Amino acid sequence: MPKAIWNGVVLAESDRCEVVEGNQYFPADSLNMEYFKPSNTHTTCGWKGVASYYSIEVNGETNKDAAWYYPEPKDAAKQIKGHIAFWRGVKVQA
């Protein structure tokens, strides 16, 4: 079962992930939300839409914008609505 780990803590774990462009997108209900802080960062993908970000805080350390999601993805990416992906050193084990 895929899990996302950073700083020795499991951030998310689920067998209901969606894989897009090699990234595991975890369902929102699989996240340990105590580690997630909303960010004001936004980026745009031509086919997925506008992404929003979370920074991760674990044991007093912050990993800025290490998780992203598409609140309102375009139709081509509708399967990742309500899902979150990781980067910036977050290890995803499939």
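Residues numbered from 1 in each chain as written. Predicted model: local features only at pLDDT ≥ 70, side-chain atom pairs only at ≥ 80, totals over all residues. Heavy atoms only, no water.

Considering the overall build of the protein chain
Piece 1. Within the protein chain, the regular secondary structure consists of zero helices and nine strands.
Piece 2. The secondary structure elements of the protein chain, listed N-terminal to C-terminal, are β-β-β-β-β-β-β-β-β.
Piece 3. Scaling as 2.2 N^0.38, a compact globule of 94 residues should have a C-alpha radius of gyration of about 12 Å, and the protein chain matches this with 12 Å.
Piece 4. Taking all 94 residues of the protein chain together, 45% fall into the buried category.
Piece 5. Residue pairs at least 24 apart in sequence account for 44% of intrachain contacts in the protein chain once pairs closer than 6 positions are excluded.
Piece 6. Here the protein chain has roughly 5,200 Å² of accessible surface; of this, 48% comes from carbon and sulfur atoms.
Piece 7. Within the protein chain, one finds 10 positive and 11 negative side-chain charges whose respective centroids are separated by 4 Å. (Helix = DSSP H or I, 4+ residues; strand = E, 2+ residues; numbered from the N terminus. Rg over C-alpha atoms; globule rule 2.2 N^0.38 Å. Buried < 20%, exposed > 50% of the residue type's maximum accessible area, 1.4 Å probe, protein only. Contact = heavy atoms within 4.5 Å. Areas by Shrake-Rupley, 256 points an atom, 1.4 Å probe, with all protein chains shown as cover. Lys, Arg positive; Asp, Glu negative; His and termini not counted. Charge placed at Lys NZ, Arg CZ, Asp CG, Glu CD.)

Considering the sheet that holds strand β8 (residues 83–86)
Piece 1. The strand order across the open sheet formed by six strands is β3-β4-β8-β7-β6-β5, and the pairing between neighbours is antiparallel. One side of each edge strand has no neighbouring strand; the edge strands of this open sheet are β3 (18–20) and β5 (36–45). In this sheet, adjacent strand axes meet at a mean angle of 35 degrees when their direction is disregarded. (Pairing = 2+ DSSP bridges. Axes fitted to C-alpha atoms, helices over the stretch in contact; angles between N-to-C directions.)

Observations concerning the pairing of strand β6 (residues 49–58)
Piece 1. Taken across its ten residues, β6 has eight buried, putting it largely inside the fold.
Piece 2. Relative to β6, β5 is paired through seven bridges, and the arrangement is antiparallel. Note that in β6 the partner of Pro38 across the bridge is Tyr54.
Piece 3. Hairpin connection from β5 to β6: three residues lie between these consecutive antiparallel strands.
Piece 4. Bridge analysis of β6 against strand β7 (residues 61–69) gives six bridges, and the strand direction is antiparallel. Counterpart to Val58 in the pairing with β7 is Glu61.
Piece 5. As consecutive antiparallel partners, β6 and β7 are separated by two residues, and within that stretch Asn59 has a phi angle of approximately 50 degrees, a positive value.

Details of the sheet that holds strand β2 (residues 9–13)
Piece 1. Spatially, β2-β1-β9 is the arrangement adopted by the three strands of the open sheet, whose pairing is antiparallel. One side of each edge strand has no neighbouring strand; the edge strands of this open sheet are β2 and β9 (91–93). Each strand of the sheet is rotated relative to its neighbour by a mean of 25 degrees, with strand direction disregarded.
Piece 2. With three bridges joining them, strand β1 (residues 3–6) and β9 adopt antiparallel strand pairing. Bridging across to β9, Ile5 finds its partner in Lys91.

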